[in-house]
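One letter stands for each residue in the lines below.
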Amino acid sequence: MYAPSLLDPAADSLKLSDFTGATDVAREARTLLGERFSSVTFMYVLMRAYEVEYNAARDASRWHEFHGGPRALSDADLETLLAPWLGR
């Protein structure tokens, strides 16, 4: 796991940006984190930038562009999951 000081700039950048939806947020988080990107670091920046609760952030880390398999979330699932936090 990375120290928060290495991840907080990505969270701050996401928080200050104007995105059209959860898929844009997820792609930008992946870009901002670069080699630091993982399901855990993605969860961290979601929770820091948008105050997403842990269980929702954990579920969001299963988005199909990050992980495949039968439990992967579609774009629509991700949008629905994160709507309560991104719509604020």
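One structure accompanies this document, and this report is about it. Please read all numbers here as calculations on a predicted model, not as lab measurements.

**Thoughts on the environment of Val-40**
Thinking step 1. Here Val-40 shows up in helix α3 (residues 39-50).
Thinking step 2. Residues Val-40 and Ser-13, 27 residues apart in the sequence, show an inter-C-alpha distance of 18 Å.

**Quick notes on helix α2 (residues 22-33)**
Thinking step 1. Taking 1.5 Å as the rise per residue, α2 with 12 residues should run 16 Å; its terminal C-alpha atoms sit 16 Å apart, in good agreement.
Thinking step 2. A positive phi of about 55° marks Gly-34, the residue just after α2.

**Here we look at the packing of aromatic side chains**
Thinking step 1. Applying the stated criterion across every chain, the model contains 4 aromatic pairs.
Thinking step 2. Note on Phe-37 and Phe-66: the rings are 4.6 Å apart at their centroids and 50° apart in plane angle, and the pair reads as tilted. Taken together, the residues Phe-37 in the loop between α2 and α3 and Phe-66 in the loop between α4 (54-60) and α5 (75-86) connect sequence positions 29 residues apart.
Thinking step 3. Residue class for Phe-66 comes out buried when judged on its relative accessible area of 15%.
Thinking step 4. Pairing Trp-63 with Phe-66 gives two aromatic rings, centres 4.9 Å apart and planes at 80°, and the pair type is edge-to-face. Pair check on accessibility: Trp-63 and Phe-66 agree, each one buried.
Thinking step 5. Taken together, the ring pairs connect Phe-37, Phe-42, Trp-63 and Phe-66 into an aromatic cluster.

**So, the environment of Asn-55**
Thinking step 1. Position of Asn-55 among the secondary structure elements: in helix α4.
Thinking step 2. A relative accessible area of 40% means that Asn-55 is categorised as partly exposed.
Thinking step 3. Through-space distance from the C-alpha of Asn-55 to that of Met-43 is 9.4 Å; in sequence the pair is 12 residues apart.

**Notes on the pattern of salt bridges**
Thinking step 1. As enumerated under the stated definition, the model contains 5 salt bridges in all.
Thinking step 2. Put simply, Glu-65 and Arg-27 hold a salt bridge, and the shortest N to O gap is 2.5 Å. Of the two residues, Glu-65 sits in the loop between α4 and α5 while Arg-27 sits in helix α2, which places them 38 residues apart along the sequence.
Thinking step 3. On the accessibility criterion, Glu-65 (29% relative accessible area) is partly exposed.
Thinking step 4. Bridged by salt links that share partners, the residues Arg-27, Arg-30 and Glu-65 form one connected network.

Parameters and conventions
- Residues numbered from 1 in each chain as written.
- Predicted model: local features only at pLDDT ≥ 70, side-chain atom pairs only at ≥ 80, totals over all residues.
- Heavy atoms only, no water.
- Helix = DSSP H or I, 4+ residues; strand = E, 2+ residues; numbered from the N terminus.
- Expected span 1.5 Å × (residues − 1).
- Phe/Tyr/Trp six-rings, centres within 6.5 Å; stacked < 30°, edge-to-face > 60°.
- Buried < 20%, exposed > 50% of the residue type's maximum accessible area, 1.4 Å probe, protein only.
- Salt bridge = Lys/Arg side-chain N within 4 Å of Asp/Glu carboxyl O.

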